[in-house]
Amino acid sequence: MVIRIAAVGDVHLDEDVVGRFRPALEELPDCADALLLAGDLTRHGTEAEARCVAREFGGLGVPVITVLGNHDHQCDQVPQVIKVLEDAGITVLEGDGVVLDCVGGRLGVAGVKGFGGGFAGRCASDFGEPEMKAFVRTTTDSADRLAHALKSLDCDLLVALTHYAPVPDTLAGEPLEIYPFLGAYQLGQAIDSAPTALALHGHAHAGSERGTTPGGVRVRNVAHPVIKQAYSVFHVGDDLDQGEVSRLTASGT
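Residues numbered from 1 in each chain as written. Predicted model: local features only at pLDDT ≥ 70, side-chain atom pairs only at ≥ 80, totals over all residues. Heavy atoms only, no water.

*Asks:* In this structure, what is going on with the overall build of the protein? I would like to understand it.
*Replies:* Counting its regular elements, the protein contains seven helices and 14 strands. For a compact globule of 253 residues, the expected C-alpha radius of gyration is about 18 Å, and the protein comes in at 17 Å, within 12% of that figure. For the C-alpha atoms alone, the extent of the protein along its principal axes is close to 50 × 40 × 35 Å. Split into buried and exposed, the 253 residues of the protein put 56% on the buried side. Sequence-distant contacts, at least 24 apart, represent 73% of the contacts inside the protein between residues at least 6 apart. For the protein, the exposed area adds up to about 10400 Å²; of that, 51% sits on carbon and sulfur atoms. Each charge class in the protein can be summarised by its mean position, and for the 19 positive and 35 negative side chains these summaries are 2 Å apart. (Helix = DSSP H or I, 4+ residues; strand = E, 2+ residues; numbered from the N terminus. Rg over C-alpha atoms; globule rule 2.2 N^0.38 Å. Buried < 20%, exposed > 50% of the residue type's maximum accessible area, 1.4 Å probe, protein only. Contact = heavy atoms within 4.5 Å. Areas by Shrake-Rupley, 256 points an atom, 1.4 Å probe, with all protein chains shown as cover. Lys, Arg positive; Asp, Glu negative; His and termini not counted. Charge placed at Lys NZ, Arg CZ, Asp CG, Glu CD.)

Set out below in structure tokens:
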């Protein structure tokens, strides 16, 4: 059993960028069973920019699944953004999951945007001012929803999709001072709570591609500035080292 998963994040589309990815995306049915988008689809989270995303990533001939990112929340138009994407056939996850019937088996994808907070030994805590408690509880609630979604899926292969990073490994290259704003250890704990085969995220534009959760799950940062191509393709399954990558060079990016 091998399932081919294409993924990219942080494409930040608007009218000036739309069309850049499409030539490579047209090749997806030949090389992937599904496309996963790791958030920050837009620059400012407007309905107009969401229509650009729908034009770019709709009607590709493979299922497209996404989570939103922090940029997609900027203009407080999240309901409108989600409607535009779903009308284009793109599945938007936030604390839930979906199972796809692929040639290589049943692929389960659970997703949340996630939030910040930092990592073991250097993280925010649920203590003190109400504002700090609210910050940390946002992260904890998001991680709890991811864990629940992962555990609820009946599938052959399980993938976690977030925007924020679940481990510090894939942040290497970013300033240490901003790690707490790029991810949180609670997301990694959620991923390790289920038999997850692969975890994908974006957000860290200057980060690194590869990491591992404390429980041994492969983590990949698929932010476009990191992978420097339209998408990467991950061949995941029993016959291969779980979560390892077959990179696809794509034109136009």
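*Asks:* Sorry, what's going on with the packing of aromatic side chains here?
*Replies:* The geometry of an aromatic ring pair is captured by the separation of the ring centres together with the interplanar angle, meaning the angle of the planes. Scanning the model with the defined rule gives three aromatic pairs in all. Ring plane angle 50° and centroid distance 5.0 Å describe the contact between Phe 115 and Phe 135, whose orientation is recorded as tilted. Of this pair, Phe 115 sits in the loop between β6 (105–112) and β7 (118–119) while Phe 135 sits in helix α5 (residues 130–152), and the two are 20 residues apart along the sequence. Taking relative accessible area as the criterion, Phe 135 reaches 24% and is therefore assigned partly exposed. Ring centres of Phe 115 and Tyr 164 lie 5.9 Å apart, and the angle between their planes is 55°; this geometry places the pair in the tilted category. Of the two residues, Phe 115 is situated in the loop between β6 and β7 and Tyr 164 in the loop between β9 (157–162) and α6 (185–192); the sequence distance between them amounts to 49 residues. (Phe/Tyr/Trp six-rings, centres within 6.5 Å; stacked < 30°, edge-to-face > 60°.)

*Asks:* Can you walk me through α6 in this structure?
*Replies:* Count 3.6 residues to each turn of an α-helix, and residues three or four apart come out pointing the same way. Three or more residues of α6 are buried, namely Gln 186, Leu 187, Gly 188, Ala 190 and Ile 191. Buried-residue contacts for α6 involve β6, α5, β9 and β10 (198–201).

*Asks:* Just to check I follow, could you spell out the pattern of salt bridges for this structure?
*Replies:* When charged atoms on two side chains of opposite charge get close, those side chains can pair. Within the structure shown, the criterion is met by ten salt bridges. Linked by salt bridges that have partners in common, Asp 101, Arg 106 and Asp 154 make up one network. (Salt bridge = Lys/Arg side-chain N within 4 Å of Asp/Glu carboxyl O.)

*Asks:* Please clarify how the packing of α5 against α6 should be interpreted in this entry.
*Replies:* Describing two packed helices takes the angle between their axes plus the distance from one axis to the other. Where α5 meets α6, the closest approach of the two axes is 8 Å, and the angle between their N-to-C directions is 15°. In terms of orientation, α5 lies roughly parallel with respect to α6. As for how α5 packs across α6, the hand of that crossing is right-handed. Across the interface between the two elements, Val 136, Thr 139, Thr 140, Ser 142, Ala 143, Leu 146, Ala 147 and Leu 150 of α5 pack against Gln 186, Leu 187, Ala 190 and Ile 191 of α6. (Axes fitted to C-alpha atoms, helices over the stretch in contact; angles between N-to-C directions. Parallel < 35°, antiparallel > 145°, perpendicular 65-115°, else oblique. Left-handed = near helix turned anticlockwise from the far one by under 90°.)

Take it as geometry only, folks, not as evidence of what the structure does.
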